[in-house]
Amino acid sequence: MAVRSHAQLKQLLDELYHRYSRPVFLSTSALSIPHQYASPEDREIAAFVTASLAYGNVKQIHRSANTALDAMGDSPAEFIRRFDPTRDPARLQHFVHRFNSGLDLALLCHLLHQAIAAEGSLQAFFLKGYDPTHDDIEPALTSFVERMLSLDVSAFYSPGTLPAKAGVRFFFPSPAQGSACKRLNLFLRWMVRRGDEIDFGIWTEVSPGKLIVPLDTHVARISRQLGLTKVKQPNWRMAKEVTQRLRTFDPDDPVKYDFALCRLGVLKQPIPQAPAKPGDPHRPE
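Residues numbered from 1 in each chain as written. Predicted model: local features only at pLDDT ≥ 70, side-chain atom pairs only at ≥ 80, totals over all residues. Heavy atoms only, no water.

1. As for the environment of Ile-80
Looking at the element boundaries, Ile-80 is found in helix H4 (residues 76–81). Setting aside its immediate chain neighbours within four residues, Ile-80 contacts Ile-45, Cys-109, Leu-112, His-113 and Ile-116. (Helix = DSSP H or I, 4+ residues; strand = E, 2+ residues; numbered from the N terminus. Contact = heavy atoms within 4.5 Å.)

Laid out in structure tokens, this is it:
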């Protein structure tokens, strides 16, 4: 693939952003599921559940997320606010998504319930570890994961200690362990970004400029092909490097390109060639 200059790469990324960041492409993304809800509170919970299950193929993710949310009734937010660990896990007991079970989903609901009960909202719980002077959300995300996994689990595990291999841990990977944290970064993108019809912009106290790209297999592969990273494995180091490069194109909203880059992979589209220079007879007009 031809080497692109900084200006050529910015032009290409901006063209992809404007081409794909439209509601018509939401059906190809798990983000379409929280878009089914009208209230910010329901969107927030539906987004967290959906993002937590965003591994596997798109159809499987859609099916599992819809099954989980259907079990919660008309309002996922109300279900979480009223969640009772002695009553409500029965509604989720038959849920299965690859290697996560109904027990894992029920405990996730219990942790979300406690976080919201403690701070008033999931955003407020996240903000307990957020400092706007930090370079990015890495410290906040690490804190969020540590505090979520330290909440009470005694209704599920006796004597109240979360086992090292508990399935719910899969929903809370940490940058401290080097994970790319794709699904948590995806949730944060959905909540924080604003300015288009894709992401929700509900969490107004977190800066979009602090976000880290949600690095899935598509974005990792395409980022390497575009020269956005030299890291070979999709881990936290790669996510940071890709984000730092994207920040040179838009420092206030670097992860705005994520949805478009992911569409290239999901839709199996080739990466466009470098834009031709003005005056090139082969330049498309």
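2. Things to note about the side chain of His-110
Along the chain, His-110 turns up in helix H5 (residues 102–119). Not counting residues within four places of it along the chain, the set of residues in contact with His-110 comprises Phe-83, Pro-85, Asp-152 and Phe-156.

3. Regarding unusual backbone geometry
The omega torsion of the bond from Ser-158 to Pro-159 falls at 10°, within 30 degrees of zero and hence cis. Checked against the element boundaries, Pro-159 lands in the loop between helix H7 (138–149) and helix H8 (182–192). The phi dihedral of Arg-98 is positive, around 50°, even though this residue is not glycine. Mapping Arg-98 onto the fold places it in the loop between strand S1 (96–97) and strand S2 (100–101). One non-glycine residue, Lys-268, lies in positive phi territory at about 55°. As for its placement among the helices and strands, Lys-268 is situated in the segment after helix H11 (258–266).

4. Here we look at the environment of Ile-212
Looking at where Ile-212 falls in the secondary structure, it is placed in the loop between H8 and helix H9 (217–226). For the pair Ile-212 and Val-255, spaced 43 residues apart in the sequence, the C-alpha separation amounts to 6.8 Å. Residues contacting Ile-212, with those up to four places away along its chain left out, are Asp-136, Ile-137, Asn-185, Trp-236, Ala-239, Lys-240, Thr-243 and Val-255.

5. A few points about helix H3 (residues 58–71)
Over its 14 residues, H3 runs 20 Å from end to end, which matches the ideal 20 Å to within 8%, given 1.5 Å per residue. When we look at burial in H3, the residues that qualify are Ile-61, His-62, Ser-64, Ala-65, Ala-68, Leu-69 and Ala-71. Buried positions along H3 lie against helix H2 (40–52), H4, S1 and H5. The positive-phi residue at the C-terminal boundary of H3 is Gly-73, with phi of around 90°. (Expected span 1.5 Å × (residues − 1). Buried < 20%, exposed > 50% of the residue type's maximum accessible area, 1.4 Å probe, protein only.)

6. Details of the environment of Arg-189
On the secondary structure map, Arg-189 appears in helix H8. It is 7.7 Å that separates the C-alpha atoms of Arg-189 and Pro-208, two residues lying 19 residues apart in sequence. Setting aside anything within four residues of it in sequence, one finds Arg-189 in contact with Leu-31, Ile-198, Asp-199, Leu-211, Pro-214, Val-255, Asp-258 and Phe-259. Polar side-chain contacts of Arg-189 include one of 2.9 Å to the side chain of Asp-199. (Polar contact = N/O pair within 3.5 Å; in protein donor to acceptor, adjacent residues only side chain to side chain.)

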